[in-house]
Amino acid sequence: MRIELEVWRQDGPRERGRFEAHVVDDATPEMSLLELLDRLNDQLVEGGQEPIQFESDCREGACGACGVTVNDVPHGPVPRTPSCRQHLRSFGAVTRLRIEPLRSAAFPVVRDLVVDRTALDRLIRAGGHVDVMTGTAPDADAVLVTHDDAEVALDFAACIGCGACVAACPNGAAHLFAGAKLAHLALVPHGRLERGRRAVAVVDALEAEFGPCSTYGECVEVCPAGIPLTAVAAVHRERLRSVFRGRAD
Amino acid sequence: MTHGWTVSDRLLDAHVPAGDPLGAWDRRRAEYRLVNPANRRHLKVIVVGTGLAGAGAAAALGELGYQVACFTFHDAPRRAHSVAAQGGINAPRARKVDGDSVRRFVTDAVKGGDFRGREADVVRLATESVRVIDHLQAIGAPFAREYGGQLATRSFGGVQVSRTYYTRGQTGQQLQVAASQALLRQVQRGSVRLHTRAEMLDLVVADGRAQGIVTRDLVSGAIGVHTAHAVVLATGGYGSVYFHSTLAVNSNATATWRAHRRGALFGCPSFVQFHPTALPVSSPWQSKTTLMSESLRNDGRIWVPANPGDERAANDIPEAERDYYLERRYPAYGNLTPRDVASRAARAEIVAGRGVGPLRNSVYLDFRDAIARLGRDTIAERYGNLFAMYTDVTGEDPYVEPMRIAPGAHFTMGGLWSDYDQMTSVPGLFVGGEAGSNYHGANRLGANSLLSACVDGWFTLPLSVPNWLAGLVGTPTLEQDAPEALEALETVARRTTHLLENEGTRRPTWFHRRLGEILDEGCGVSRSEAGLRAALEQVRQLGADFWADVRVGGRGDRLNQELERAGRVADFLELAELMVVDALDRTESCGAHFREEFTTELGEALRDDERWVNVSAWETTPVGKHIRHTEPLAFELVPLQVRDYR
């Protein structure tokens, strides 16, 4: 099958970017979006051009390294599926693809389709962790966790850190990401003990780095991990809770 | 001298504690030298890699007060490939009454590894596994729970007890996220300095010990030296040398291979596990083989058409003309034979012309009978996410037609050789996780990989590295402009320039694909002397062709993924040669290393315990000659016995 592409090229963070038009004539339905880019890159190198830089790693949807915007949708036309698992056979009649980086002020372009998402890690650094010295944890069987709490914690912990939620948000908010972490750690036994101070630290970093949330819900539509919109509510709940309690836990 | 390698009579000492093996780790821990807390901040450790082993070691050493610098080529520590492990993590916590124990774990792992791993290290793995689960749950991994609140477990291949802890089908992801946030906690505290998008390209050895690394900043292209009192490599395995593998596309052997070229011996490089339930390669542009959890073999039946070249659709082939070859050949274990046995049997069917699918390179994994017996809903509940993933990748519906699976290169049991304290043959250079080679012998059991990475990272290296550092209190780190540092820096710069400027015609990926074909054919699931000799010749030729004809292009002073790939493929080519040499040299079949010349009358693997109860630890000289050294293995807890799954 023939696919027409417009692909974003940008030499560096401070350079101006532009779209480049290309055609791949021998695309096949079983190709993933990223394999289409692999194929295009082969073509580009054959023609003496530099390949398009884009990120991916596990290509199974677990690592969160991949992520491009396809026809204005982060990750691509198949809802809630990472770029690596978007296959051409699922694109229906769409054969013209405009591919650009995940767009957000918080994610500066490194080169071509590669962006810098370390702002997400700065949220985790600020407080998205649990303060336990190695080797001091009590017997995990003696710490009881209800089946339901473990399952709900997992629903939030499933986040792969790809940043598509930020790119989908008209405000560039990272509430789905931050809320998923706050909700996850509020549901695990040791995480609960510093729930208040974590909320303050993470929300402060969130407000410093990202836009405000207007609950558009665009983030949920693109999230490959199926993080529910209640994660966004968790940001406000955890923050308010810490204000009223005024305690570290 | 045989086929271009030599065998030395040097026997390696792994420094295993003498005496009762079950108490060995306790005794060793009590002997380790300690460093006064006030001195720790003057001692610097480099940790390369942020997977479960690297993040654990860096976080724990930082927490203890050492100055830690941690490096990853990823943009974030969470991306390390530990993230992709699905099934679970083993721990013989032995709370239940199913007869599990440390000793039982050791028996399973040693036997599963076909008596080619180090028993004493496996004991440590079992002993520390208890704390690993406690710690990871405390730092945020939401392990699956029973309704009574206790940790849930499940069973895994090659084992008769239930000791695998899990979080749905994403155990690796949950452990990796917990470990990387623990690492980021130390970064926030200032005890670990994290360098992302920084790739290690060489090791600095001075005064006979590892004193630093050379890295390239993947964004700016800057090549720099970082020095320290000790270096830990936790950079993962090299299964991606086969091009099509279950590994991530950026997984590579460069850090370990460069360390090898600086003197670190490489243990059993040919020991590679092929996972029997990977998805087959179905198109020329496919970039990897997706792994399907082996739990599918609990209910799926594996078969091929009895007649070669049968063109009919799977569902049109009547029962009498199907060959359920695993059930036929291994009635005791049937579809649940260990990974190496299942992969080999599949390959034998494919080679015999009974493979299925458009390229005839796969076998069927059929759920028809299970759906008839248990109902579609039960099967959906057990495997729904895997079925969805299968449909996603192939466009086929496994509820209606059988899945097609094929062996895929997966885990490398081989890796840098190290002693019991995880120190390689280069003093001051330590190894953790899949980058090492101690535990799994010639075949790894499912769910032991996450465990070995976690035990190394959190509970071994934080004790054994300080034991080394204790001897260096008051010693400054190597100067950045020391001759050894400058030499390594110049070597990297020269290589980088060469790759950039070479006026070749082929992309690095072309060579990588070709290398994968050669290895699959000659040094894959099944090996023969003739096939290995041919592969050796082809790999050497391909290596020469690479340097003559590779084309990278672009600039070195900005992000250049083609350049990154070229360096990794260059190292894969050298490593591949050693893998083939090792496979040729080891004249026996054991675990995943199956030599067609060494089989029983029934065609099963035949070990040679007279000659080969040992680890081959390879040296490569500066001019590229291979020398084998030997570490003899002793088994005190598990008597040598033949694996029999019939």
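Residues numbered from 1 in each chain as written. Chains lettered and ligands numbered in written order. Predicted model: local features only at pLDDT ≥ 70, side-chain atom pairs only at ≥ 80, totals over all residues.

Enquirer: Provide a residue-level description of the overall build of chain B, including the pertinent values.
Expert: In terms of helices and strands, chain B carries 16 helices and 21 strands. Computed over the C-alpha atoms, the radius of gyration of chain B is 24 Å, within 12% of the 26 Å expected from 2.2 N^0.38 for a compact globule of 646 residues. In terms of principal-axis extent, the alpha carbons of chain B reach across some 75 × 65 × 50 Å. Looking at chain B as a whole, 60% of its 646 residues are labelled buried. A sequence separation of at least 24 residues applies to 74% of the contacts in chain B between residues at least 6 apart. (Helix = DSSP H or I, 4+ residues; strand = E, 2+ residues; numbered from the N terminus. Rg over C-alpha atoms; globule rule 2.2 N^0.38 Å. Buried ≥ 20, exposed ≤ 12 C-beta atoms within 10 Å, placed from the backbone. Contact = placed C-beta atoms within 7 Å.)

Enquirer: I'd love a proper account of the overall build of chain A, names of residues and values included.
Expert: Helix and strand content of chain A: eight helices and seven strands. The principal-axis extents of the C-alpha atoms in chain A amount to approximately 60 × 35 × 35 Å. Looking at chain A as a whole, 54% of its 249 residues qualify as buried. For chain A, the proportion of contacts with a sequence separation of at least 24, taken over those separated by at least 6, is 72%.

Enquirer: Tell me about the interface of chain A and chain B, and please be specific about residues and values.
Expert: Between chain A and chain B, the contact holds 60 residues from the first and 63 residues from the second. For the side of chain A that touches chain B, the secondary structure elements donating two or more residues are α1 (33-46), β6 (109-111), α2 (118-127) and α3 (147-157) of chain A. Split by residue class, the side of chain A that touches chain B holds 26 nonpolar, 16 polar and 18 charged. (Nonpolar A, V, L, I, M, F, W, Y, C, P; charged D, E, K, R; others polar.)

Enquirer: Give me the lowdown on the nonpolar core, citing residues and values where you can.
Expert: Core analysis: the largest hydrophobic core is formed by 253 residues, its most contacted members being Cys165 of chain A together with Val232, Leu233, Cys454 and Val580 of chain B. Among the elements that make up this core, the one with the highest residue count is helix α16 (residues 561-585) of chain B (14 residues). In this structure Leu233 of chain B touches Val48, Gly49, Ala255, Thr256, Ala259, Leu416, Leu429, Val431 and Ala435 of chain B, once residues within four positions along its chain are discounted. In terms of nonpolar packing, the next biggest core, distinct from the first, is built from 26 residues, Leu291, Tyr330, Leu365 and Tyr383 of chain B among them. (Core = buried A, V, L, I, M, F, W, Y, C linked by C-beta atoms within 7 Å.)

Enquirer: Provide a residue-level description of the packing of helix α5 (residues 175-186) of chain A against helix α6 (residues 195-209) of chain A, including the pertinent values.
Expert: Residues and elements named next belong to chain A. The N-to-C vectors of α5 and α6 enclose an angle of 175°; their axes lie 11 Å apart at closest approach. By the angle between their directions, the pair α5 and α6 is classed as roughly antiparallel. Residues Ala178, Lys181, Leu182, Leu185 and Ala186 of α5 lie in contact with α6, whose contacting residues are Arg195, Arg198, Ala199, Val202 and Leu206. Considered class by class, the residues forming the contact of α5 with α6 number seven nonpolar, no polar and three charged. (Axes fitted to C-alpha atoms, helices over the stretch in contact; angles between N-to-C directions. Parallel < 35°, antiparallel > 145°, perpendicular 65-115°, else oblique.)

Enquirer: How would you explain the sheet that holds strand β18 (residues 415-416) of chain B if you had to name every residue and give the values?
Expert: All names here are of chain B. The sheet built from five strands is open, its strands ordered β1-β21-β20-β12-β18 with mixed pairing. The two strands at the open ends of the sheet, each matched to only one other strand, are β1 (5-11) and β18. The sheet contact formed by strand β12 (residues 266-267) and β18 spans two bridges and is antiparallel. Following the sheet pairing, Phe266 is matched in β18 by Leu416. (Pairing = 2+ DSSP bridges.)

Enquirer: Residues and numbers for helix α8 (residues 230-245) of chain A, please.
Expert: All names here are of chain A. Under the 1.5 Å per step criterion, the end-to-end length of α8 is 21 Å for 16 residues, consistent within 8% with the ideal 22 Å. Contacts made by the buried residues of α8 are with α3, α5 and α6. Among the residues trailing α8, Gly246 stands out with phi positive, at a value near 60°. (Expected span 1.5 Å × (residues − 1).)

Enquirer: Can you lay out unusual backbone geometry for me, pointing to particular residues and giving the numbers?
Expert: For Asn71 of chain A, which is not glycine, the phi torsion reads 45° and is therefore positive. Looking at the secondary structure, you find Asn71 of chain A in the loop between β3 (68-70) and β4 (73-74). Although it is not a glycine, Phe115 of chain B adopts a positive phi angle of roughly 60°. In this fold, Phe115 of chain B is placed in the loop between α4 (102-112) and α5 (119-138).

Enquirer: Run through α3 of chain A, naming residues and quoting values.
Expert: Listing the buried residues of α3 of chain A in full gives Ala150, Ala153, Asp155, Phe156 and Ala157 of chain A. Contacts made by the buried residues of α3 of chain A are with α5 and α8 of chain A together with α6 (171-189) of chain B.

Enquirer: If you had to explain the sheet that holds strand β16 (residues 363-366) of chain B to someone new, which residues and values would you point to?
Expert: Residues and elements named next belong to chain B. A sheet is described by the order of its strands in space; here five strands give the open sequence β13-β17-β16-β14-β15, paired in antiparallel fashion. Single-partner strands in this sheet number two, and they are β13 (272-278) and β15 (322-323). The sheet strands contacting helix α9 (residues 339-354) are β13, β14 (301-305), β16 and β17 (403-412), and the helix crosses β13 at an angle near 70°.

Enquirer: Can you break down the environment of Thr424 of chain B residue by residue, with the values?
Expert: All names here are of chain B. Tracing the sequence through the fold places Thr424 in the loop between β18 and β19 (429-431). Its 30 C-beta neighbours within 10 Å are what place Thr424 among the buried residues. Spatially, the C-alpha atom of Thr424 lies 26 Å from that of Ala91, the residues being 333 residues apart in sequence. Residues in contact with Thr424, not counting those within four places in the same chain, are Ala264, Leu265, Leu416, Trp417, Ser418, Leu429, Phe430 and Val431.

Enquirer: Tell me about the confidence of the model for chain B, residues and numbers included.
Expert: Per-residue confidence for chain B averages 95 on the pLDDT scale, and 99% of its residues sit at or above 70. Both confidence scores are given for the complex: pTM 0.98, ipTM 0.98. (pLDDT = per-residue confidence, 0-100.)

Enquirer: Could you give me a rundown of the domain arrangement of chain B, with the residues and numbers involved?
Expert: Where the parts come together, the accessible area they lose is often given as the size of the interface. Residues and elements named next belong to chain B. Domain parsing of chain B yields domain 1 (43-83 + 172-271 + 413-615) and domain 2 (275-409). Across the boundary between the two partners, domain 1 contributes 13 residues, which contact 17 residues of domain 2. For the side of domain 1 that touches domain 2, the residue count by class is five nonpolar, eight polar and no charged. (Domains from an automatic or database assignment.)

Enquirer: Talk me through the domain arrangement of chain A; I want residue IDs and the actual numbers.
Expert: Residue and element names in this part refer to chain A. By domain assignment, chain A separates into domain 1 (3-111) and domain 2 (117-245). Counting residues at the interface gives 19 residues for domain 1 and 18 residues for domain 2. Grouping the constituent residues of the side of domain 1 that touches domain 2 by class yields ten nonpolar, seven polar and two charged.

Enquirer: Let's hear about the environment of Ser162 of chain B: which residues, and what values?
Expert: All names here are of chain B. Structurally, Ser162 can be placed in the loop between β5 (153-154) and β6 (164-165). The exposure class assigned to Ser162 is partly exposed, which follows from the 14 C-beta atoms found within 10 Å. Spatially, the C-alpha atom of Ser162 lies 9.6 Å from that of Gly99, the residues being 63 residues apart in sequence. In this structure, Ser162 is in contact with Asp98, Thr153, Arg154 and Ser155, ignoring residues within four places of it in sequence.

Enquirer: Please give an account of the environment of Val70 of chain A that cites residues and values.
Expert: Its location among the elements puts Val70 of chain A in strand β3. In this structure the C-alpha to C-alpha distance between Val70 of chain A and Thr230 of chain A, which are 160 residues apart in sequence, comes to 27 Å.

Enquirer: Give me the pairing of strand β8 (residues 198-206) of chain B: which residues, what numbers.
Expert: Along a regular strand, successive side chains alternate from one face of the sheet to the other. Residues and elements named next belong to chain B. Across the nine residues that make up β8, a large majority, eight, are buried. Pairing between β8 and strand β9 (residues 209-217): eight bridges, direction antiparallel. Following the sheet pairing, Ala198 is matched in β9 by Asp217. Once β8 ends, the chain turns through two residues before running back antiparallel as β9, passing Asp207 with a positive phi of about 50°.

Enquirer: Pulling in residues and values, what's your account of the packing of α4 of chain B against α5 of chain B?
Expert: Residues and elements named next belong to chain B. At a closest axis distance of 9 Å, the pairing of α4 and α5 adopts a crossing angle of 130°. Considering their axes alone, α4 and α5 lie oblique with respect to each other. Regarding α4 and α5, the two cross each other, and that crossing is right-handed. Between α4 and α5, the residues in contact are Val102, Phe105, Val106, Ala109 and Val110 and Glu119, Val122, Val123, Ala126 and Thr127, respectively. (Left-handed = near helix turned anticlockwise from the far one by under 90°.)

Enquirer: Which residues make up the pairing of strand β21 (residues 626-632) of chain B, and what are the values?
Expert: All names here are of chain B. Looking at chain direction, β1 and β21 are connected through four bridges and run parallel. Pairing of Trp5 across the sheet is with His626, part of β21. Where strand β20 (residues 614-620) lies against β21, seven bridges are found, and the strand directions are antiparallel. Across the sheet, Trp618 pairs through a bridge with Arg628, a residue of β21. Linking two consecutive strands that pair antiparallel, namely β20 and β21, is a turn of five residues; a positive phi of about 95° is found at Gly624 within it.

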